[in-house]
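Examining the three-dimensional arrangement
Each chain, letter by letter, is given below.
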Amino acid sequence: MDMEMIQYHPTTLAGKGFLITEGARGEGAHLLNANGERFMETYAPNKMELASRDVVSRAEQTEINEGRGFPDGTVALDITVVPKKRIHEALREIVLVGRDFAGVDITREPIHIKPGNHYTMGGVKTDIDGATEIPGLYAAGEAACVSVHGGNRLGANSLLDTLIFGRRAGVHAAARTKRVEPARPSKAILADEQAMIDGVIGRERGSGRRVSEIRKELGETMDKYVAVFRDEQGIQSALETVRRLKEEAKTFYIDDRGTVFNQDVLGALELGYMLDNAEAACVGALHRKESRGAQYRTDFPERNDDEWLKHIDLKMNGDGPEISYSDVTITEWQPMERTY
Amino acid sequence: MSAEPETRAEEQGGSTAPQEQYTLKVRRFKPDSGEGPYWQEFEVELDPTLSVLDGLLQAKDREDGSLSVRCSCRAAICGSCGVKINGQSTLACLTQIGEAHEFANRRPDEDGEGEPKPVVVEPMGNMPVLKDLVTDMESTHWTKIRRVTPWLLDDGDPPERERVVPPESMVDITQTIACIQCGACVSACLSMEADPDFIGPAALAKAYRFVGDPRDVETRERLWDLAQDPHGIYDCTHCFACVDACPKGVAPMDQIMRLRRAAGHDEEIKDKNNGHNHEAAFVNIIEKKGTLDESLLLQESYAPGVAGKLIPKPSALKGLLGSIPTAIRGLRSGKMRSLPKLIPGIHPKLPGDAQEHVKHIYEHAEEHREEVNLYITGEEDVVPEPDEEELSQPEVSTGPKENE
């Protein structure tokens, strides 16, 4: 459910890709383009840097795309405007990140950042007890989609996935085990799984592409076409690439034939899941012909509640994801137009 | 905004820095091959500011997928990629490959071969190796962490809401809270090399996290336990290896010293290892003589002060006699280099009024027995500015870290 809703965090470190905490902007840091302009004035004059993540990420990406970024494809986060004492108290981790990973003293100079893939609002569809449609299968955390975040998670709210719904899932699953017998997979199923893993391990070197090559192409494709800005042509081309990679994944090979800590075979299995997830994200993004939350379609820039105030649910069948819809649960807070 | 997503075809990472060639020399071990460990060299090409971990992952991706290394965040937060680089225990993600290369080549080319030396990467020490750079953290690190009861022992009744403490009462333990459980200090620990049962730097730092927590109600019991254990707080030899190795500034040895002060000084726990008395002996001798008079050390450790010598306790005699073999070993191995040092009364005095200066240092320390927690006031190079005058009185937020 909601697999097209992929959040880009506004401040990931240039060249490294990991996070510079939102707390930096929370403490008052500015975002500047290469001309030294505080560009959020153009996009969200009332909230400035504190606008929600999708808004800030789009603003940054627009600056970068329109040539007002730095040559390394970034904009700057200027933390020097925060009092030093406060930086050392509240942003110490970022002081260390700047020093150790960017060679920058963030108390003295701005640091280069850009939007980076951060969080998947979508996931395995569950109820509020973490239960899925398959009896006995539970999902929790980022893998799950309880849908408390809608299309756009707010900072710190992933704690809901872990502390609240993770706990509920655990409690519910534990109670269930008291009522039902443990599942006993048949020998045939185990033999199939074993044969699948043996097949990956035993495949001849050079039979196809390396797992790492496919993974790299997948990442680059998704980051290019199913990212902050999307359009039909781009998503379609990504979907074609993903489907080609799925074919290629049938003949990939790995190096490690061992039985202890074989990360190679783990990586190969994970690649299969990544490809399925990427395909689902493409199909959802292509299908949702509007802009909402983390999904921004340049060819459909408006939100369209009449047609799209609903979840896109995907089910894997032999030919790929099958589309259906489910209703959005709306309680106290009614959907409104977002204006800054 | 243009409708051309191609315009953001920035390669992931977006780095424009020049690529350099490096050689990684990796200690490998394949447990199911029946062979012993061996060395393998990998040629990698990357921006010097990227990490040794990035280099390892490149070798794994391009050349040999069977090379195993644990990692997750690449940002020195998860603590997974503890390894030894050029012999130093650290995190692979926190070590820039350019710097590691310079370190490996810091000495002039002694063998005259003219070849640059490789960056040497090995699994962490003091732990069994499972495969390549992957060590068994369970059998050493986690077992020892569990040994120190690593959770809050509160007064039993959960309050209606969370337990609120003033931020300043938590300053003392913020340094230990920064631990990411990477095991670099355990890997570097020389005491643990000699005594594998030593509880060790990571677990003892974790112990201080609860000893120093105002909400914990079993402070004395914890300290008693760690002081009496022959592999406990008095098993550390002050070698600073853990302080050097720790990538997060936890300074485990400092936490062990805090435990000792809390146990021996605050709680006045007399440990059966004689650890507190031994430590006090150093302090007292130097206060009196200015430097360490080794001839007094053992007697002062076991029979402190005039009273201790007039009426020596049976345990003191036993301890002194028991130390004789150690002393002989010290003489034989050359650790105690001069025999006269063992004869009381000939210890040289400090020149001039240096002795007075030492006493003055002691007085000052007595008057100011508060520790400045550098982890909070932090950055040593902070130049005080008008708005920073209160910097010496740190306030910290102990609220939960924002989850991103």
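Scoring rules and cut-offs
- Residues numbered from 1 in each chain as written.
- Chains lettered and ligands numbered in written order.
- Predicted model: local features only at pLDDT ≥ 70, side-chain atom pairs only at ≥ 80, totals over all residues.
- Heavy atoms only, no water.
- Axes fitted to C-alpha atoms, helices over the stretch in contact; angles between N-to-C directions.
- Helix = DSSP H or I, 4+ residues; strand = E, 2+ residues; numbered from the N terminus.
- Parallel < 35°, antiparallel > 145°, perpendicular 65-115°, else oblique.
- Contact = heavy atoms within 4.5 Å.
- Phe/Tyr/Trp six-rings, centres within 6.5 Å; stacked < 30°, edge-to-face > 60°.
- Buried < 20%, exposed > 50% of the residue type's maximum accessible area, 1.4 Å probe, protein only.
- Lys NZ or Arg CZ within 6 Å of the ring centre and 35° of its normal.
- Pairing = 2+ DSSP bridges.

Describing the packing of helix H8 (residues 219-228) of chain B against helix H10 (residues 252-266) of chain B
Residue and element names in this part refer to chain B.
- The interhelical angle for the contact between H8 and H10, taken along N-to-C directions, is 105°, at an axis separation of 10 Å. Classed by the angle they form, the pair H8 and H10 counts as roughly perpendicular. Across from Leu223, Leu226 and Ala227 in H8, the residues of H10 making contact are Leu259, Ala262 and Ala263.

Some points on the packing of aromatic side chains
- In this structure the tally under the stated criterion is four aromatic pairs over all chains.
- Taken together, a centroid distance of 6.2 Å and an interplanar angle of 65° make the contact between Trp308 of chain A and Tyr325 of chain A edge-to-face. One end of the pair, Trp308 of chain A, is in helix H11 (residues 305-308); the other, Tyr325 of chain A, is in strand S8 (residues 320-327), with 17 residues separating them in the sequence.
- Its relative accessible area of 41% is what places Tyr325 of chain A among the partly exposed residues.
- A cation sits over an aromatic face here: Lys310 of chain A above Tyr325 of chain A, 4.1 Å from the ring centre.
- Directly above the ring of Trp39 of chain B sits Lys25 of chain B, whose terminal nitrogen or CZ lies 5.1 Å from the centroid.

Some thoughts on the environment of Phe29 of chain B
Residue and element names in this part refer to chain B.
- Locating Phe29 in the fold gives a position in the loop between strand S1 (20-28) and strand S2 (38-46).
- In this structure the C-alpha to C-alpha distance between Phe29 and Leu130, which are 101 residues apart in sequence, comes to 7.9 Å.
- Each residue touching Phe29, except ones within four places of it in the same chain, is listed here: Glu35, Gly36, Pro37, Val129, Leu130, Lys131 and Asp132.

Section: the sheet that holds S2 of chain B
Residues and elements named next belong to chain B.
- An order of S2-S1-S5-S3-S4 is seen for the five strands of this open sheet, with the pairing classed as mixed. On the outer flanks of this sheet lie S2 and strand S4 (88-91), each paired with one strand and no other. Direction aside, the axes of adjacent strands within the sheet are offset by 35° on average.
- Bridge count between S1 and S2: nine bridges; the pairing is antiparallel.

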